[in-house]
There are 2 protein chains.
Amino acid sequence: MNTLAYGLLSMLSYSPDSGYDLMLKLQSLWPAKHSQIYPLLSQMENDGYVRHVLVPQTDKPDKKVYSLTDTGRDALRAWLAVPASEPVIRDELTLKLFAMDQGNPEDIKRQLELRVQYYRDRIHWLNCKIEAYSMKEPPPSRGMMLLMQRGRFSSESDLAWAEWALEQLRDE
Amino acid sequence: MNTLAYGLLSMLSYSPDSGYDLMLKLQSLWPAKHSQIYPLLSQMENDGYVRHVLVPQTDKPDKKVYSLTDTGRDALRAWLAVPASEPVIRDELTLKLFAMDQGNPEDIKRQLELRVQYYRDRIHWLNCKIEAYSMKEPPPSRGMMLLMQRGRFSSESDLAWAEWALEQLRDE
DNA sequence: TGCACATATGTCGGTATTTACATATAATAA
DNA sequence: TTATTATATGTAAATACCGACATATGTGCA
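Thresholds applied
Residues numbered from 1 in each chain as written. Chains lettered and ligands numbered in written order. Predicted model: local features only at pLDDT ≥ 70, side-chain atom pairs only at ≥ 80, totals over all residues. Heavy atoms only, no water. Pairing = 2+ DSSP bridges. Helix = DSSP H or I, 4+ residues; strand = E, 2+ residues; numbered from the N terminus. Contact = heavy atoms within 4.5 Å. Axes fitted to C-alpha atoms, helices over the stretch in contact; angles between N-to-C directions. Least-squares fit on C-alpha atoms with pLDDT ≥ 70 in both. UniProt positions renumbered as here; feature names shortened; annotations may be inferred. Near = heavy atom within 4 Å. Polar contact = N/O pair within 3.5 Å; in protein donor to acceptor, adjacent residues only side chain to side chain. Nonpolar A, V, L, I, M, F, W, Y, C, P; charged D, E, K, R; others polar. Expected span 1.5 Å × (residues − 1). Buried < 20%, exposed > 50% of the residue type's maximum accessible area, 1.4 Å probe, protein only. Arc of directions from axis to C-beta. Buried area = accessible area lost by both parts, 1.4 Å probe. Salt bridge = Lys/Arg side-chain N within 4 Å of Asp/Glu carboxyl O.

Asker: How should I be thinking about the sheet that holds strand 1 (residues 17–18) of chain B in this particular structure?
Answerer: Across a sheet, paired strands are connected by hydrogen bonds in the backbone, their directions being either parallel or antiparallel. Residue and element names in this part refer to chain B. The strand order across the open sheet formed by 3 strands is 1-3-2, and the pairing between neighbours is antiparallel. Each edge of the open sheet carries a strand with a single partner, namely strand 1 and strand 2 (50–55). The sheet strands contacting helix 1 (residues 3–12) are strand 1, strand 2 and strand 3 (63–68), and the helix crosses strand 3 at an angle near 90 degrees. Of the strands in this sheet, strand 2 and strand 3 are in contact with helix 3 (residues 34–46), which crosses strand 2 at around 120 degrees.

Asker: Looking at this structure, I do not really get the relation of the copies chain A and chain B. What am I missing?
Answerer: Here two copies of a chain appear, and what relates them is a rotation about an axis with a shift along it. Rotating chain A by 180 degrees about the axis while translating it 0.0 Å along that axis superimposes it on chain B, leaving an RMSD of 0.1 Å. Viewed as a symmetry operation, the transformation between the two copies matches a two-fold axis. Relative to the rotation axis, the C-alpha of A:Ile89 is the closest in chain A, positioned 2.3 Å from it. Comparing interface residues between copies, 100% of those in chain A also lie at the interface in chain B; the contact surface is shared.

Asker: Looking at this model, I keep getting lost on the UniProt feature "domain: Transcription regulator PadR C-terminal" (unreviewed entry) in chain A. Mind explaining?
Answerer: Cross-referencing UniProt, the feature "domain: Transcription regulator PadR C-terminal" (unreviewed entry) maps to residues 89–170 of chain A in the present numbering. Summarising residues 89–170 of chain A: 82% helix, 2% strand, and an end-to-end C-alpha distance of 27 Å.

Asker: Looking at this structure, how should I read the sheet that holds strand 2 (residues 50–55) of chain A?
Answerer: Residue and element names in this part refer to chain A. The strand order across the open sheet built from 3 strands is 1-3-2, with neighbouring strands paired in antiparallel fashion. The open sheet terminates on both sides in strands that have one partner only, identified here as strand 1 (17–18) and strand 2. Relative to strand 3 (residues 63–68), strand 1 is paired through 2 bridges, and the arrangement is antiparallel. Residue pairing for strand 3: Asp17 is matched across the bridge by Tyr66.

Asker: Please explain the pairing of strand 3 of chain A as it appears in this structure.
Answerer: On any regular strand, side chains alternate: one points to one face of the sheet, the next to the other face. One ladder, built from 6 bridges, connects strand 2 of chain A with strand 3 of chain A; its direction is antiparallel. Its bridge partner lying in strand 3 of chain A, A:Arg51 is registered against A:Ser67.

Asker: Mind showing me how you'd approach the protein's contact with DNA strand C here?
Answerer: Around DNA strand C there are 25 residues in total, and A:Tyr20, A:His34, A:Gln57, A:Lys64 and B:Ser35 lie nearest to it. In the environment of DNA strand C, a phosphate oxygen lies 3.3 Å from a nitrogen or oxygen atom belonging to the side chain of A:Tyr38. B:Ser35 is positioned with one of its side-chain polar atoms (N or O) 2.6 Å from a base oxygen of DNA strand C. If you list the elements that add at least two residues to the surface near DNA strand C, you get helix 2 (19–26), helix 3 (34–46) and strand 3 of chain A together with helix 3 of chain B.

Asker: For this particular structure, what's the right way to read the environment of B:Arg170?
Answerer: All names here are of chain B. Position of Arg170 among the secondary structure elements: in helix 7 (residues 142–170). Between the C-alpha atoms of Arg170 and Pro105, which are 65 residues apart in sequence, the distance is 9.7 Å. If we ignore the near neighbours within four places in the chain, the residues touching Arg170 are Lys109 and Glu113.

Asker: What is the right way to look at the protein's contact with DNA strand D in this model?
Answerer: What surrounds DNA strand D is a group of 25 residues, the closest being A:Ser35, A:Gln36, B:His34, B:Gln57 and B:Lys64. When atoms of DNA strand D within 4 Å of the protein are split into backbone and base, the sugar-phosphate part holds 62%. A distance of 3.3 Å is found between a phosphate oxygen of DNA strand D and a side-chain nitrogen or oxygen belonging to B:Tyr38. A distance of 2.8 Å separates a phosphate oxygen of DNA strand D from a polar side-chain atom of B:Gln57. A total of 4 residues in the surface near DNA strand D trace back to one element, the largest contributor, which is helix 3 of chain B. The class makeup of the residues in the surface near DNA strand D is 7 nonpolar, 9 polar and 9 charged.

Asker: Would you explain helix 3 of chain A in this entry?
Answerer: Every α-helix winds through 3.6 residues per turn, so residues three or four apart in the chain are directed the same way. Residues and elements named next belong to chain A. Its 13 residues give helix 3 an end-to-end C-alpha distance of 18 Å, which sits within 8% of 18 Å, the value for a rise of 1.5 Å per residue. For helix 3, the complete set of buried residues consists of Ile37, Leu40, Leu41 and Met44. Within helix 3, the buried residues cover an arc of 105 degrees as seen down the axis, which keeps them to one side. Residues of helix 3 that are exposed and angled more than 90 degrees away from the buried face: Ser35 and Asn46. For helix 3, the elements touching its buried residues are helix 1 (3–12), helix 2, strand 2 and strand 3. One or two positions beyond helix 3, positive phi appears at Gly48, with a value near 90 degrees.

Asker: Would you explain the interface of chain A and chain B in this entry?
Answerer: The accessible area lost on association of the parts is a frequent measure of interface size. Counting residues at the interface gives 64 residues for chain A and 64 residues for chain B. Carbon and sulfur atoms make up 62% of the surface buried where chain A meets chain B, a total of about 6800 Å² over both sides. Of all residues in chain A, A:Arg90, A:Phe98 and A:Arg150 bury the most surface against chain B, accounting for 13% of the area lost on that side. On inspection of chain A and its partner chain B, the count reaches 4 salt bridges. Between B:Arg142 and A:Asp101 there is a salt bridge, and its shortest N-O distance comes to 2.9 Å. If you list the elements that add at least two residues to the side of chain A that touches chain B, you get helix 1, helix 4 (70–81), strand 4 (88–90), helix 5 (92–98), helix 6 (105–135) and helix 7 (142–170) of chain A. The leading source of residues in the side of chain A that touches chain B is helix 7 of chain A, at 17 residues. Considering only residue class, the side of chain A that touches chain B consists of 35 nonpolar, 15 polar and 14 charged. Sheet topology note: the strand 4 of chain A/strand 4 (residues 88–90) of chain B ladder contains 3 bridges and is antiparallel.

So this is what it looks like as structure tokens:
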């Protein structure tokens, strides 16, 4: 039971779901490919944390819908009580900025511009999501709201930094 | 040559350094354990990107000091020109917030408080580092300043969010 | 009809990363 | 004296993660 496994349990605590959809929904919280998700779900089922039923579909391929077992819900509860480990951020751009004196300034500027666009897109996506959720009945969970606000906070701050950094570089 | 390897080349582009010190200095940019650094440095030396000399010390154990070769500097320059991949953030706390309705609210609050302290410490550490650098002669590289400012931006924003989130939870 | 694409699940091989095991030197504190 | 800590380097085993390969269904478009 690694962090990804608890991420799956967390998702399933809301509602049963297929591996495919779990994979899509997890991307913003704990990115993982389907090749990591599917075997992990089998293993978790083998260990008794989840179970699945086959759901036939007419408009799409059939799917396996997983749900929490009591064991799974207990494991989730226990995990929630232990302090979260520190966040890890891996961003190649920080390394390139660090070494930028060795390269072409234009290349670095182009990469910062790409990053500015990345953050703008992210903010737009978040705003759409927040709007969609605010229309929902019943209103989404507290945790969900906290997370979406966090996305806003940090994306706005990252965007502000990237734009500021670009100005710094243009001034030279 | 993976991202970590380019991180090492980036560090070495400033000055020759030991594997041990490279490991320490990389923690804030691309975290890695010594067990990953040492074999990678050997391999990079084998491939001609770096070379090392043995430096005896009297107050500490002897060390291997690595430096860039011309091949290494060329590789670094080429890497700087290709667009950086998107950042990856892995934070267990986001998953726990997402699933918090399943657990004890007090546990979540405690973890948010720990995180508030984490960001405060980080900001303090960054401020010390920025002050230390601003006294240096000659002044540090542009990239270094951009990175330290980024650390400030995002830590302040994360701190603000964590404190806001705690208030939200206390209000219930 | 053929093609591309989203949905859906899976395996395999390789790379990246961590944890644990191992060793050695020098300073410092108990 | 002994223990601990920081410095310094390394290996081995296990885990986490990714990219490629593989297959199949249903939709929409040319």
